[in-house]
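Residue-level structure breakdown
Chain by chain, the residues:
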Amino acid sequence: MNSIAAELNGTLEGTVADSLLSDLGRRMYFPKGIISQSAEAKKLAHRIDATIGIATEKGEPLYLKTIREALTGLTPKETFPYAPTAGIPPLREEWKKEIIKKNPSLAGKGMSLPVVVTGLTHAIAVVLDLFANPRDTLIVPDFFWDNYELIASDRLQAEVAGFPFFTPAGKLNVEGLADALRARRGGKAVIMLNFPNNPTGYTLTESEAERLVKAIRNEAEHNTRILVVCDDAYFGLFFEEGLKTESLFADLADLHPNVLAVKTDAATKEELVWGFRVGFVTYGSKGLDEKHYEALIQKTMGLIRSSISCSGTPSQYLVLKGLMDERHEVEKAATFKTVETRYRRVKELVRWMRGPLKPFPFNSGYFMTFRVPGDRAEDLRQALLKRGIGTIAIRPDCLRIAYSSVDAEKLDELFGCIDDEAVKLFGQGK
Ligand SMILES: Cc1ncc(COP(=O)(O)O)c(C=O)c1O
């Protein structure tokens, strides 16, 4: 039992709630992860808040004007009625077209129509509900979004087994995944992959992707049935040449009949609508045809119906209108460029740092992460908070910086302070 859950149970001890809690209720707690550290930063980080994974400019969210304008243009029918359980059909169709446009190698491959869910968190929860049993192992690289743990371990009682994300040379550790798969040879394997990655900001290269797909195919040929969940939250924010700029879903959707690929993605970051809560679940496998996809969609709908019933109507229409607007692509590229400009400055700044912090490789997304000596990331976070700067101690040995939410002109100050505090805590030199 998680220690925070145990503490909460202790507080409730002797009450009627305590005697009524379910096993799941007993296991639940609110982690001291990104959200609670971010809440702390909201109070204390009066200078710079680099905690939260949204994109901001001058204290306001970055947004697409096309979507903002659509807000006032919604008709009553686009606003008030229930949406269908699997989402409004034109949005599902349009999102599928978008997926193929962004991943041209999917053209002609079989895949389901996307099912609309309430954000990418919900997409992951629904997919794991559908495919993970208690005691199943979820294979993930050891850098992952902290909510996977709450969803998979605490809620579902599956085991989260990390393999090292990077090799000592700072490349993707494809062998680590291959080893984890080999250990399950002939059985069932559930893998979660997230590129661009939260928290490191790393996207695999084309050649790493080739090797990774080969490792999965090899294991599938040994009769291991493999579910690969592609968490594409930050899709499109690729800032270097040679990166894998299509989702791995495109390679996996027709890889082998023993591989089921699930694309979990969302308008959240791709369309800069974090609060709208519009996400999608899309299935693809060489072994499945239309009737199988329909059966999987029906099962997904069952999970939606039995939990949230359906997703919100206005936000689905707003995303649809944004996508259909002819100005959409240009406007979106310009906002992504804002994040890319920050990325380029951050790359320079980390090169100039004199202290002992080492950045993990990063080339995409919203974040970068430093390795902190002596498992003292929390000490460094606290020292920075005292200076009015909010960061996230994502692991005892890692500090995550969300440069997506820091204006370009504040980046020098941010990285200067991080460097100063690191030198104070750990001394000079790499
Ligand atoms: C890797 C990753 N997956 C999923 C999510 C959840 O996205 P959503 O806000 O759409 O639920 C996030 C959000 O921060 C994320 O970083």
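This structure is a prediction, so every number in the text was calculated from the model and none was measured. (Residues numbered from 1 in each chain as written. Predicted model: local features only at pLDDT ≥ 70, side-chain atom pairs only at ≥ 80, totals over all residues. Heavy atoms only, no water.)

**A look at empty space enclosed by the protein**
Here the structure, examined in full by the defined rule, presents 3 cavities of 30 Å³ or more. Its volume calculated, the largest cavity comes out at about 90 Å³. As for the largest cavity, its lining consists of 14 residues, and the residues nearest its centre are Phe195, Asp232, Glu246, Ser247 and Leu248. Split into classes, the residues belonging to the lining of the largest cavity amount to 8 nonpolar, 2 polar and 4 charged. (1 Å grid on protein atoms, 1.4 Å probe; cavity = no way out; pocket = protein on both sides within 12 Å on 5 of 7 lines; lining within 4 Å. Points joined across faces, edges and corners; volume = space filled by probe spheres on them. Nonpolar A, V, L, I, M, F, W, Y, C, P; charged D, E, K, R; others polar.)

**With respect to the pattern of salt bridges**
For the structure shown, the criterion picks out 40 salt bridges. A salt bridge links Asp18 to Arg26; its shortest N-O distance comes to 3.2 Å. With a relative accessible area of 17%, Asp18 lands in the buried category. In this structure, Arg354 and Asp420 form a salt bridge, with 2.8 Å as the shortest nitrogen-oxygen distance. Taken as a pair, Arg354 in the loop between α15 (328–352) and β11 (358–359) and Asp420 in helix α17 (residues 411–426) lie far apart in primary sequence, 66 residues in all. For Arg354, a relative accessible area of 39% translates into the label partly exposed. Residue Asp420 is classed as partly exposed on the basis of its relative accessible area of 28%. (Salt bridge = Lys/Arg side-chain N within 4 Å of Asp/Glu carboxyl O. Buried < 20%, exposed > 50% of the residue type's maximum accessible area, 1.4 Å probe, protein only. Helix = DSSP H or I, 4+ residues; strand = E, 2+ residues; numbered from the N terminus.)

**Points about the domain arrangement of the chain**
Splitting the chain by domain gives domain 1 (23–62 + 329–425) and domain 2 (66–324). Each partner contributes to the interface: domain 1 provides 36 residues, whereas domain 2 provides 34 residues. Summed over both sides, the interface of domain 1 with domain 2 buries roughly 3,000 Å², with 58% coming from carbon and sulfur. Summed over the shared surface of domain 1 and domain 2, the number is 4 salt bridges. Between Glu329 and Lys101 there is a salt bridge, with its nearest N and O atoms 3.2 Å apart. (Domains from an automatic or database assignment. Contact = heavy atoms within 4.5 Å. Buried area = accessible area lost by both parts, 1.4 Å probe.)

**A look at the pairing of strand β9 (residues 259–266)**
For β9, the buried fraction is high: 8 of the 8 residues fall into the buried class. The alternating pattern of β9 places Val259, Ala261, Lys263 and Asp265 and Leu260, Val262, Thr264 and Ala266 on opposite faces, both of which are buried. The pairing of strand β8 (residues 225–231) with β9 spans 6 bridges and is parallel. Pairing of Val229 across the sheet is with Val262, part of β9. The sheet contact formed by β9 and strand β10 (residues 279–284) spans 6 bridges and is antiparallel. Looking at the pairing, Ala261 lines up with Gly284 of β10. (Pairing = 2+ DSSP bridges.)

**Concerning helix α13 (residues 290–305)**
An ideal rise of 1.5 Å per residue puts 22 Å on 16 residues; α13 measures up with 22 Å between its terminal C-alpha atoms. When we look at burial in α13, the residues that qualify are Tyr293, Leu296, Ile297, Thr300 and Ile304. In an axial view of α13, the angular spread of the buried residues amounts to 105°, which keeps them on one side of the axis. Of the exposed residues in α13, the ones pointing more than 90 degrees away from its buried face are Lys291, Lys299 and Arg305. (Expected span 1.5 Å × (residues − 1). Arc of directions from axis to C-beta.)

**Quick look at the packing of helix α9 (residues 174–182) against helix α10 (residues 206–221)**
Following both chains from N to C, one finds α9 and α10 inclined at 10°, their axes separated by 9 Å at the closest point. When the axes of α9 and α10 are compared, the pair comes out roughly parallel. Residues Val174, Leu177, Ala178, Leu181 and Arg182 of α9 form the contact with α10, whose participating residues are Glu208, Arg211, Leu212, Ala215, Ile216 and Glu219. Residues belonging to the contact of α9 with α10 are distributed by class as follows: 7 nonpolar, no polar and 4 charged. (Axes fitted to C-alpha atoms, helices over the stretch in contact; angles between N-to-C directions. Parallel < 35°, antiparallel > 145°, perpendicular 65-115°, else oblique.)

**Remarks on the side chain of Thr268**
Tracing the backbone shows Thr268 in helix α12 (residues 267–270). Since its relative accessible area comes to 9%, Thr268 is described here as buried. Each residue touching Thr268, except ones within four places of it in the same chain, is listed here: Val273, Trp274, Arg277 and Val278.

**Observations regarding the site of the ligand**
Lining the immediate environment of the ligand, one finds 13 residues, of which Thr121, Asp231, Tyr234, Thr268 and Arg277 sit closest. Contacts to the ligand include Lys269, whose side-chain N or O atom sits 2.9 Å from an oxygen atom. Arg277 is positioned with one of its side-chain polar atoms (N or O) 2.7 Å from an oxygen atom of the ligand. A total of 390 Å² of accessible area belongs to the ligand in isolation, and the protein chains cover 91% of it. Mapping the ligand onto the cavity grids shows that it belongs to the largest pocket. Of all the secondary structure elements, the ones that give two or more residues to the shell around the ligand are α7 (120–131) and α12. Among the residues forming the shell around the ligand, the class breakdown is 5 nonpolar, 5 polar and 3 charged. (Near = heavy atom within 4 Å. Polar contact = N/O pair within 3.5 Å; in protein donor to acceptor, adjacent residues only side chain to side chain. Areas by Shrake-Rupley, 256 points an atom, 1.4 Å probe, with all protein chains shown as cover. Sits in = over half its atoms within 2 Å of the grid points.)

**What to know about the nonpolar core**
Ranked by size, the top nonpolar core spans 129 residues in total, and within it Ile216, Leu248, Leu252, Leu414 and Phe415 carry the most contacts. Tallying contributions element by element places α7 first for this core, with 7 residues. Both domain 1 (23–62 + 329–425) and domain 2 (66–324) contribute no fewer than three residues apiece to this core. With sequence-adjacent residues up to four places away left out, Leu414 is seen in contact with Ile48, Ala50, Ile389, Ile401 and Val406. (Core = buried A, V, L, I, M, F, W, Y, C linked by side-chain atoms within 4.5 Å.)

**Things to note about the layout of surface pockets**
In this structure, the largest pocket spans a volume of roughly 580 Å³. Forming the walls of the largest pocket are 26 residues, and the residues nearest its centre are Ile35, Thr121, Trp145, Asn147 and Lys269. When contributions to the lining of the largest pocket are tallied by element, the ones reaching two or more residues are α4 (34–44), α7, α8 (147–155) and α12. Class assignment for the residues of the lining of the largest pocket results in 14 nonpolar, 7 polar and 5 charged. Two domains share the lining of the largest pocket, each providing at least three of its residues, namely domain 1 (23–62 + 329–425) and domain 2 (66–324).

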